[in-house]
Amino acid sequence: MSVGAFGLLALAGFAAGAINAIAGGGSLISFPALIAVGLPPIVANITSSVALLPGYLGGTLGQRADLAGQGRTLVRLLPIALLGGLAGGALVLASGARAFAALTPWLLIAGCLLLAGQPRLKRWLAARRTASMRPAAGALALAAAVFVACVYGGYFGAGLSVMLLALLALGSDDTLVRLNALKQGLALAANLGAVLLFVTAAPPDWAAAGVMALAALAGGMAGGRLAGRIDPDRLRALVVMLGLGVAALLLWR
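Conventions and cut-offs
Residues numbered from 1 in each chain as written. Predicted model: local features only at pLDDT ≥ 70, side-chain atom pairs only at ≥ 80, totals over all residues. Heavy atoms only, no water. Core = buried A, V, L, I, M, F, W, Y, C linked by side-chain atoms within 4.5 Å. Buried < 20%, exposed > 50% of the residue type's maximum accessible area, 1.4 Å probe, protein only. Helix = DSSP H or I, 4+ residues; strand = E, 2+ residues; numbered from the N terminus. Contact = heavy atoms within 4.5 Å. Patch = residues over 30% accessible without salt bridge, like charges linked within 9 Å, V, L, I, M, F, W, Y side chains within 5 Å. Areas by Shrake-Rupley, 256 points an atom, 1.4 Å probe, with all protein chains shown as cover. Salt bridge = Lys/Arg side-chain N within 4 Å of Asp/Glu carboxyl O.

*Asks:* Summarise the nonpolar core; cite the residues concerned and give the values.
*Replies:* Grouped together as the largest cluster of nonpolar side chains are 60 residues, with contacts concentrated most on Phe100, Phe156, Leu164 and Leu186. Looking at which element gives the most residues to this core, the answer is helix H8 (residues 176-201), with eleven residues. Those residues in contact with Leu186, other than ones at most four positions away along the chain, are Leu77, Leu78, Ala81, Val146, Cys150, Leu164 and Leu168.

*Asks:* So what's going on with a nonpolar patch on the surface? Residues and values would help.
*Replies:* A grouping of Leu83, Phe147 and Val148 is seen on the molecular surface, where their side chains present a nonpolar patch of about 270 Å² in accessible area. By secondary structure assignment, the location of Phe147 is in helix H6 (residues 139-155). Taking the relative accessible area as the measure of exposure, Phe147 reaches 32% and is therefore partly exposed.

*Asks:* Can you tell me about helix H2 (residues 27-36), naming the residues and giving the values?
*Replies:* In terms of burial, H2 is a largely internal element, nine of the ten residues being buried. If you check which residues of H2 are buried, you get Ser27, Leu28, Ile29, Ser30, Phe31, Pro32, Ala33, Leu34 and Ile35. Gly38, located one to two residues past H2, shows a positive phi value of around 105 degrees.

*Asks:* Let's hear about the environment of Gly154: which residues, and what values?
*Replies:* Structurally, Gly154 is set in helix H6. Classification of Gly154 by relative accessible area gives buried; the value is 1%. When the C-alpha positions of Gly154 and Ala87 are compared, they lie 7.0 Å apart, and in sequence the two are 67 residues distant. With residues near it in sequence (within four places) discarded, Gly154 still touches Gly85, Gly88, Gly89, Val92, Ala194 and Phe198.

Structure below.
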């Protein structure tokens, strides 16, 4: 891989880390960048998952204060999220490169739609919390829904955070701030499950993953500082347009 390719991956990793810290959807940046430098879709997906794992850890640690008192929920849902991520990773490996490549544009479109709908979903969830409505799902239904969402997260990942926050808000009476912290932990577990499988059964491009991981850490720190200065809606729109553009290019090919 050329110096220019590594430079592109470093920039993409930095941008993905910053975007995850500000608005979410960083994998819609990291994945297309890996495709652009010549990695096959399935390898790009695995490499992106490995590269962005430190960012999920940083996000969870950054919100650990909001996890206070949620120990019982974490004990119940973290193993489910981990198993869901493992199952999603297994689906990636079982489906094969051709099937994953065929699905990739549609997965990108799904992730873009979820990211684009995030502000409206947050407003709806905030209104629901204000109205103090009773939870619509029981513990068993919530656990099943979290598992399904994490299977998707292990398979591709873009939009997982939006899915999890919506499910947690529907199945719990807690505040959105605390549920967001819980969501971070579950997303970390799902990504970790997939990564544990990938590094043993289908190793990523370690050079690319290393460059992106270091850059994503730096980007996450920068994004955390800039979160209050950058309009997340405009950033989200830019990421969505980029993701849809890459999806259109892959469909054309």
